[in-house]
Amino acid sequence: MEENMNEIQLKYGCNPNQKPSRIFMEDGSELPVKVLNGKPGYINFLDAFNGWQLVCELKEATGLPAAASFKHVSPAGAAVGLPLDDTLAKIYWVDDLGELSPLACAYARARGADRMSSFGDFIALSHVCDADTARLIKREVSDGVIAPGYTDEAMELLMQKKKGGYNIIQIDESYKPAKIERKQVFGITFEQGRNELCINEELLSNIVTKNKEVSDEALIDMKVSLIVLKYTQSNSVCYVKGGQAIGIGAGQQSRVHCTRLAGNKADNWFLRQAPQVLGLQFVDGLGRADRDNTIDVYIGDEYMDVLADGEWEKRFKVKPPVFTREEKRAWLDRLTDVTVGSDAFFPFADNIERAHKSGVKYIVQPGGSVRDDLVIQCADKYGMVMAFTGIRLFHH
């Protein structure tokens, strides 16, 4: 059912007891979205509108198609549409689909980097959804998608999801919100100017380390990290490689805990590319989500949960050997040229030390800590390139 009006009534708000619920335009004008199918909920729309802003900015900053995978109002993944190599295609479970369109590559990357977190995501696409992208979405567990349009073939494919109830939203890409935004908390209205900071080369020009060489690829990754952070619940840290977020740490009160959380996710992304993982022989009929869960446990510290007698037989044709701590560290030492961004300054050098363990070479952060000199010294110790933007990117 196509729905276009100045308000949309929702089943409930964040939780079933929070009624009534709706989205609407305060000035009485028409909403800039049409619900083409399904009945999106309150959190679905929060994810959709945040995700849409993120992918629009990625497209603007890089000139490439972009996709985001949102869960609970933070991105689980985001990427631009660079081609996939054979290894990435395999770990994202798209190696059977042949050559993909740039937009489909963007979503494969956004969904694939942290598949555990992206399960049941809301998708944002910067361009008209094509058949390749719809075919990829169709077989994933997802709540819905927002895009500026859909080809006829894409609509036909997406309408087959959730017994015809998949949430499909079309947004007017010419829509520009007011420069002042408001929200209420405890009956009190908060007002602020929209965060319309443009993420561009000029923002990345203040390099404070001895090493000042930034490749074109790293420049894209720096932009991706900052744009992802702009729409991630703070505190937040984002690791990026190859035009895609590979580890996002969101909503932590401690900066270093963000760095560790995001770094662990980046490590898992790279461990999934190790021969020990690529060679796993799963039993026939084991779905993608179950394979993702199994891999996540296998590469973690609780590996015996899937390798114990009576357990491995449920998942594998052949019992795999333990992926030892030493083997994992040796593989992770091959991860290089990673970018890390932070939504506020790194207050201590421990963040740099942790980032180094995940192959970070490029850092982008606001700067402004009383210990900036120690943070710069630590980056110099590892030959890293660090840019100070002077701009904080808190998001709440």
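(A) Focus on the overall build of the chain. Each helix and strand counted, the chain has 14 helices and 15 strands in total. Over its C-alpha atoms the chain spans a radius of gyration of 21 Å, differing by no more than 12% from the 21 Å that the globule rule assigns to 396 residues. With the C-alpha coordinates aligned to their principal axes, the bounding extent of the chain is approximately 60 × 55 × 40 Å. Taking all 396 residues of the chain together, the buried fraction comes to 51%. Just so you have it, the chain exposes about 18400 Å², and 51% of that area is on carbon and sulfur atoms. Treating the 47 positive side-chain charges of the chain as one cloud and the 55 negative ones as another, the clouds have centres 4 Å apart.

(B) Region of the structure containing the environment of L103. One can find L103 in helix 3 (residues 102-112). With 20 residues separating them in the primary sequence, L103 and P83 have C-alpha atoms 9.8 Å apart. In this structure, L103 is in contact with P65, A66, L125, S126, H127, V128, C129, D130 and T133, ignoring residues within four places of it in sequence.

(C) Summary view of the state of the cysteines. A full pass over the atoms with the stated rule returns 0 disulfides. Of the cysteine sulfurs around C129, a residue in no disulfide, the closest is that of C105, at 14 Å. For C378, which is in no disulfide, the shortest distance to another cysteine sulfur is to C258 and amounts to 18 Å. Given a relative accessible area of 7%, C378 falls into the buried group.

(D) Highlighting the packing of aromatic side chains. Enumeration according to the criterion identifies 6 aromatic pairs in this entry. An angle of 70 degrees between the planes, with centres 6.4 Å apart, marks the rings of W93 and F282 as edge-to-face. Highlighted residues: W93 in the loop between helix 2 (86-91) and helix 3 and F282 in the loop between helix 9 (275-278) and helix 10 (288-298), separated in sequence by 189 residues. Between F270 and W331 the ring centres are 5.1 Å apart and the planes differ by 20 degrees, which places this aromatic pair in the stacked class. On the criterion of sequence distance, the pair formed by F270 in helix 8 (residues 255-271) and W331 in helix 12 (residues 325-332) is long-range, its members being 61 residues apart. By relative accessible area, F270 is classed as buried at 10%.

(E) Up close: helix 10. Turning to helix 10, its buried residues are R291, D292, T294, I295 and Y298. An end-on view of helix 10 places all buried positions within 165 degrees of arc, on one side of the element. Looking at the buried side of helix 10, the elements it contacts are helix 4 (115-118), helix 9 and helix 11 (304-307).

(F) Expanded view of the packing of helix 1 (residues 42-62) against helix 7 (residues 216-230). Interhelical geometry of helix 1 versus helix 7 gives an angle of 160 degrees and a closest axis separation of 10 Å. Considering their axes alone, helix 1 and helix 7 lie roughly antiparallel with respect to each other. Relative to helix 7, helix 1 is oriented so that their crossing is right-handed. From helix 1, L54, E57, L58, A61 and T62 reach across to helix 7, where they touch I220, K223, V224, I227, V228 and K230. Its residues placed into classes, the contact of helix 1 with helix 7 shows 7 nonpolar, 1 polar and 3 charged.

(G) The packing of helix 8 against helix 12, seen in detail. In the contact formed by helix 8 and helix 12, the axes pass within 10 Å of each other and the chain directions differ by 90 degrees. Classified by the angle between their axes, helix 8 and helix 12 sit roughly perpendicular to one another. Contact residues: helix 8 offers D267, F270 and L271, while helix 12 offers K328, W331 and L332. Tallied by class, residues from the contact of helix 8 with helix 12 come to 4 nonpolar, no polar and 2 charged.

So, how was this worked out
- Residue numbers restart at each chain and count upward from 1, following the sequence in its written direction.
- Local features in this predicted model are restricted to residues of pLDDT 70 or higher, and side-chain atom pairs are both shown and tallied only at a pLDDT of 80 or more, whereas totals for entire chains, interfaces and linings draw on every residue.
- The side-chain numbers reported here are obtained from all heavy atoms of the structure, hydrogens and water having been left aside.
- The secondary structure listing takes helices from DSSP runs of H or I that are at least 4 residues long and strands from runs of E that are at least 2 residues long, numbered from the N terminus.
- Based on C-alpha atoms, the radius of gyration is set beside the globule rule, defined as 2.2 Å times the residue count to the power 0.38.
- In this scheme, a residue with accessible area under 20% of its type's maximum is buried, one over 50% is exposed, and one in between is partly exposed, where area comes from a 1.4 Å probe on protein chains only.
- The method behind every accessible area is Shrake-Rupley, applied with a 1.4 Å probe, and residues are considered shielded solely by the protein chains displayed.
- Positive charges are assigned to Lys and Arg, negative charges to Asp and Glu, while His and the chain termini are left out of the count.
- To locate a charge, take NZ of a lysine, CZ of an arginine, CG of an aspartate or CD of a glutamate.
- Whether two residues are in contact is decided by their heavy atoms: any pair within 4.5 Å suffices.
- Cysteine sulfur pairs qualify as disulfides if the two atoms are within 2.5 Å.
- We call Phe, Tyr and Trp rings a pair once their centres come within 6.5 Å, taking the six-membered ring for Trp, and we label the pair stacked below 30 degrees between planes, edge-to-face above 60, and tilted otherwise.
- This arc is built from the directions going out from the helix axis to the C-beta atoms.
- With axes taken as lines fitted to C-alpha atoms, and helix axes fitted only over the stretch in contact, angles between N-to-C directions fall between 0 and 180 degrees.
- Small angles under 35 degrees read as roughly parallel and large ones over 145 as roughly antiparallel, with 65 to 115 read as roughly perpendicular and the rest as oblique.
- In this scheme the crossing of two helices becomes right-handed for a clockwise turn of the near helix relative to the far one and left-handed for an anticlockwise turn of less than a right angle.
- When residues are grouped by polarity, Ala, Val, Leu, Ile, Met, Phe, Trp, Tyr, Cys and Pro land in nonpolar, Asp, Glu, Lys and Arg in charged, and all others, Gly among them, in polar.

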